Structure formats: structure tokens, C-alpha cells
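Here's the letter readout for the chains.
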Amino acid sequence: MHNLVITAIGTDRPGICNRITQVVTQANCNIIDSRIAIFGNEFSFIMLVSGEASSITRVETLLPVMSSDQDLMMVMKRTTPHQPPSYTYKVDMKIEAEDKIGLIDAFTRFFSERNINISELSARTQYRTLDTQDNNQNLFIIAMAGLSKDSPVPDDLEADFSQLCQDLSVTGSIDITYQN
């Protein structure tokens, strides 16, 4: 079996996801994993497909034609099956803060500097209506999960995380679990 990662970006509209999955299915490939997200008026669709070499080649040939007709930007890359390495620790983090520039950078840097591989990241702005009597700001929520082969000292990691939250004036929580 061969594997292909496909990313499609285009204007969100009914049926567009189905047009992509039809091409994959008609080429006799199986969708192993997929995610869809809407950003502004654009949708983003990423999926991992598997199939025989000729089926993958067919997808690589047909999707660019379909994407041109549908005004989509399409990127494809062959890959190998994911072999999750063994990790010692899983780190889950959640942040809530007033929406401001640089928060994702600060927390992805926090993980990177500690050799923690980011396995999940979700960030969104929760818009609030501004009341003239109460100046509520938009709330920014970040959820991250990371995996570490190293053995971070949980107390030091928690203390460093708390200090970063304090420095950035955000509310955060971190949970470190040992993986067997």
C-alpha cells in the first residue's frame, strides 16, 4: 500500500468536500484520516489516503484537473504510514487570554525549547459583543498536546509554564502524564 497526503483549500460551498472524496474513492483509494476547518470564507481539507501505486497515481493525476475546475488550491505529497514513536510523557495545555498577537508563538516556542513534539494544536477566538458598560475583550483559547521522549522534570515544566502564563497575563493549565 502507498500513502498520499492531500490538502485542499478553497471557497467554502456545499458539495466541495464530496467532489474531492469522489475522486479519491473512484480512484480506488481509501481515506485513512481527514480534517476539515473553515477559516474566514475558505475551507481547508486535509486527508491521508492509501491505495495501490496505480490508484495513488490516478488521484495525483485527477485531483489537479478537478481542483482547477473547482477553483481549489491543491497540494499532494506521498508519505509512508505513520509509525508513532514511543514517548515518555504527554503534555496537555490549555490557555485562555485576551486576544492578542504572539500567544501561539510563545507557547509553541515553549514546547520547542523543551523538545516537546506538538501533536495537536487548536486555537480560536471567541468573539464577544462589546457592551458600553462592560469592555469585554475577545477571548482567545489555545489547546495544545505534546509528546516528549525526554524526561522533563514535571515540577520544573509546570513552574516554567506558570511563569510564562504570568509573564503573558494569561490563564493556563498544564497536565503532564507518563506514557507506558
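So, how was this worked out
- Residues numbered from 1 in each chain as written.
- Predicted model: local features only at pLDDT ≥ 70, side-chain atom pairs only at ≥ 80, totals over all residues.
- Heavy atoms only, no water.
- Pairing = 2+ DSSP bridges.
- Helix = DSSP H or I, 4+ residues; strand = E, 2+ residues; numbered from the N terminus.
- Axes fitted to C-alpha atoms, helices over the stretch in contact; angles between N-to-C directions.
- Contact = heavy atoms within 4.5 Å.
- Phe/Tyr/Trp six-rings, centres within 6.5 Å; stacked < 30°, edge-to-face > 60°.
- Buried < 20%, exposed > 50% of the residue type's maximum accessible area, 1.4 Å probe, protein only.

### Details of the sheet that holds strand β6 (residues 117-126)
(1) Moving on: Strand order in the open sheet made by the four strands is β6-β7-β5-β8, with antiparallel pairing throughout. One side of each edge strand has no neighbouring strand; the edge strands of this open sheet are β6 and β8 (171-178). Within the sheet, the average angular offset between the axes of one strand and its neighbour, ignoring direction, is 10 degrees.
(2) Moving on: Here eight bridges tie strand β5 (residues 89-98) to β8, and the two strands are oriented antiparallel to one another. Bridging from a neighbouring strand, Tyr89 pairs with Tyr178 of β8.
(3) Moving on: Running over the sheet, helix α3 (residues 103-113) touches β5, β6, β7 (139-148) and β8 and is turned about 15 degrees from β7.

### Some remarks on the packing of aromatic side chains
(1) Moving on: Per the stated rule, a full pass over the model turns up four aromatic pairs.
(2) Moving on: Between Phe107 and Phe161, the aromatic rings sit 6.0 Å apart at their centres with planes inclined by 55 degrees, giving tilted as the arrangement. Taken together, the residues span a long stretch of sequence, with Phe107 in helix α3 and Phe161 in helix α4 (residues 154-168) at a distance of 54 residues.
(3) Moving on: Accessibility expressed as a relative area gives 2% for Phe161, which makes it buried.
(4) Moving on: Taken together, a centroid distance of 6.3 Å and an interplanar angle of 50 degrees make the contact between Phe110 and Phe111 tilted.
(5) Moving on: Look at Phe110 and you get buried, because its relative accessible area is 4%.
(6) Moving on: Relative accessible area serves as the criterion here: at 0%, Phe111 is assigned to the buried category.
(7) Moving on: One aromatic cluster in this structure is built from Phe107, Phe110, Phe111 and Phe161.

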